[in-house]
Amino acid sequence: MPMAEASAEPAPTVLDSIKVLDWTDQAGAYAGRLLADLGADVVRVEAVTDSGPWPEERVPSGQGHEVSAFERFVNLNKRSILINTDTPAGRELLGLLAEQADIVLTSGEAPRHWRQAGRTPRKQGAPAYVNVSAFGDGAGAGLHADDLVTLAAGGLLSLGGYPDSEPVAVYGSQAYLAGGISGAIAALLGLLAADAGQPGADLDVSAQAVMASALEDAAAEFDLTGVVRRRTGDGLREAGTGTFRCADGWIVVVAGKLGTAAAWDSLVGWLCDQDVPGAEALKGPEWTDLSHRRLPASIAEFQPLMEAATSRMTRAQLYEELQSRRIAAAPVNNIADLLADPQLADRGFFRTVRDAVLDRDVSYPGPPYRLEDHRVPEWTSAPVPGGQTDQVLRDWLGTPDDQLGALRAGGAIG
Amino acid sequence: MSEILAGLRVLDFCWIGAGALVTQTLALHGAEVIKIESRARPDNLRVAPPVRPGTSGLDASG
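Here, residues in each chain are numbered from 1, in the same order as that chain's written sequence. Note on labels: chains are lettered from A, ligands numbered from 1, in written order. Selection of residues for local features in this predicted model requires a pLDDT of at least 70, selection of side-chain atom pairs for listing and counting requires 80 or more, and totals for whole chains, interfaces and linings are taken over all residues. The side-chain figures draw on all heavy atoms in the structure; neither hydrogens nor water molecules are used.

Draft legend 1. How the structure looks around the overall build of chain B. Within chain B, the secondary structure is distributed over one helix and two strands. Counting from the N terminus, the helices are DSSP H or I runs at least four residues long and the strands are E runs at least two residues long. Traced from its N-terminal end to its C-terminal end, chain B shows the element sequence β-α-β. In chain B, which comprises 62 residues, the share counted as buried stands at 19%. Contact definition: two residues touch when any of their heavy atoms are within 4.5 Å. If you take every contact in chain B between residues at least 6 apart in sequence, the share linking residues at least 24 apart comes to 34%. Within the structure as shown, chain B displays about 4,200 Å² of accessible surface, and the carbon and sulfur contribution to it stands at 58%. Positive and negative side-chain charges of chain B, numbering 6 and 6 respectively, have mean locations separated by a distance of 6 Å. Working definition: with a 1.4 Å probe on protein chains only, accessible area under 20% of the residue-type maximum means buried, over 50% means exposed, and in between means partly exposed. For accessible areas, the Shrake-Rupley method is used with a probe of radius 1.4 Å. Any residue's cover is judged against the shown protein chains and nothing else. Only four residue types enter the tally: Lys and Arg on the positive side, Asp and Glu on the negative side, with His and both chain ends excluded. The atom standing in for a charge is NZ when the residue is Lys, CZ when it is Arg, CG when it is Asp and CD when it is Glu.

Draft legend 2. Geometry of the packing of helix α2 (residues 29-37) of chain A against helix α7 (residues 174-195) of chain A. Residue and element names in this part refer to chain A. To obtain an axis, a line is fitted to C-alpha atoms, over the contacting stretch when the element is a helix, and the angle between two such axes runs from 0 to 180 degrees between their N-to-C directions. Here α2 crosses α7 at 55°, and the two axes come no closer than 7 Å. Taken together, the axes of α2 and α7 lie oblique to each other. The chirality of how α2 crosses α7 is right-handed. Residue-level contacts link Tyr30, Ala31, Leu34 and Leu35 of α2 to Leu177, Gly180, Ile181, Gly183, Ala184, Ala187 and Leu188 of α7. Considering only residue class, the contact of α2 with α7 consists of nine nonpolar, two polar and no charged. Just so you know how the angles are binned, under 35 degrees is roughly parallel, over 145 roughly antiparallel, 65 to 115 roughly perpendicular, and the rest oblique. In this scheme, a crossing is called left-handed if the near helix is turned counterclockwise away from the far one by less than a right angle; it is called right-handed if the turn is clockwise. All amino acids are sorted into three groups, where Ala, Val, Leu, Ile, Met, Phe, Trp, Tyr, Cys and Pro are nonpolar, Asp, Glu, Lys and Arg are charged, and the leftover types, Gly among them, are polar.

Draft legend 3. Up close: the sheet that holds strand β11 (residues 328-331) of chain A. Residue and element names in this part refer to chain A. An order of β9-β10-β11 is seen for the three strands of this open sheet, with the pairing classed as antiparallel. Both edges of this open sheet fall to β9 (241-246) and β11, since each of them pairs with a single strand only. For this sheet the average axis-to-axis angle between neighbouring strands, irrespective of direction, equals 20°. Both β9 and strand β10 (residues 249-254) contribute to a ladder of six bridges, which runs antiparallel. Its bridge partner lying in β10, Gly242 is registered against Val253. Here a strand pair is declared whenever DSSP counts at least two bridges between the two strands.

Draft legend 4. Highlighting the confidence of the model for chain B. Averaged over chain B, the pLDDT score is 88; the fraction of residues at 70 or greater is 97%. Interface confidence for the predicted complex, expressed as ipTM, amounts to 0.88; the pTM equals 0.91. Confidence scores here are pLDDT values: one per residue, from the predictor, ranging 0 to 100.

In structure tokens form, the structure reads like this:
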């Protein structure tokens, strides 16, 4: 075959031909986004009866109202269908779409609507049905929560901030995003089960449990030592590791616990090369012992020596200097730094999409992975609600135009 | 539902946490995960706290 013809065949996406029906709210929508990034045809169900726009990170639309930037982010690469699920014909359509879907995703009020309609996605034949909720099924099913409540219920909130003040939530809707990631993992597991000939799967994701998973070995520590892990702030816990003030911000350096002995020696060598008065003392043999570097007196001696050097250099200078000495270090970047970051640019991480609602170009973070033999699909804007209603019904159900008109006239679709 | 990844065999050369969380997820769903380790150059997590008081060594870390 001539080379030109061979190269004209695009590589497949990972989820080519996989259909996903996504009837989620903020708590689960990221799951569908992740599947869309892998090439699935993700159709977002917008119910005519849905409550107003999402509250997170509102930005002006330029058309006299605000939109949720979070909503535009988690719904990238999806299509949207507007259905009136209060009508028998609308509910019937939803069931027919679920029959065609490989994966059905729900969160928020959607499961209740399914039950009221006397249906479940699995009964409709979808191989994998994933529901993401704050607490999951069980004794706490139905308890109310948002992102912050979920952070608290899952224990993560107790570990953010300083020991002598109130807990501080990590930025962003991390419980929603983490719940969505687990939702996508559950969906892929369900697909694998279906591929293996299993009868399909109901997959129940508890965001509280996802947050508790983020506590890593805190439960093991309690079992082994009786110690309840508490928030520590960002103060130095050992000489060589921590956040240090520099000429234009902050730099993080790790040459301690999980760094190597060589990194500590290299850091001390760098401080001496910078002619920091007193740095030579760090060459003493006691400083090679991690337990010595963790003593409060050691930390108190190290920090001013370190900041004497870092405070006269910029973040960029320190990044280059310390990395060239094989020391794990990075500036504390803000979003403007990231958009200009050469490594992320080299990977094509940020992508710009013409947003269908905002009618302007907007940059979004891309998938963090690159695939060897598969294509990451071109991106499309998060949809206008109901923007592809007719197209989806034609594609998934083969609905003819006259029937589309009748459905719309009857109020079943928007 | 049976374990979804039963029959899948994974060789795990990961260090520290990020890779290990991947293989743990696979193991939780039935994959056979074999972690390759060295006593001469053990994974730092093998000697990282928490450990039960009075214990030490490569098998003490929680």
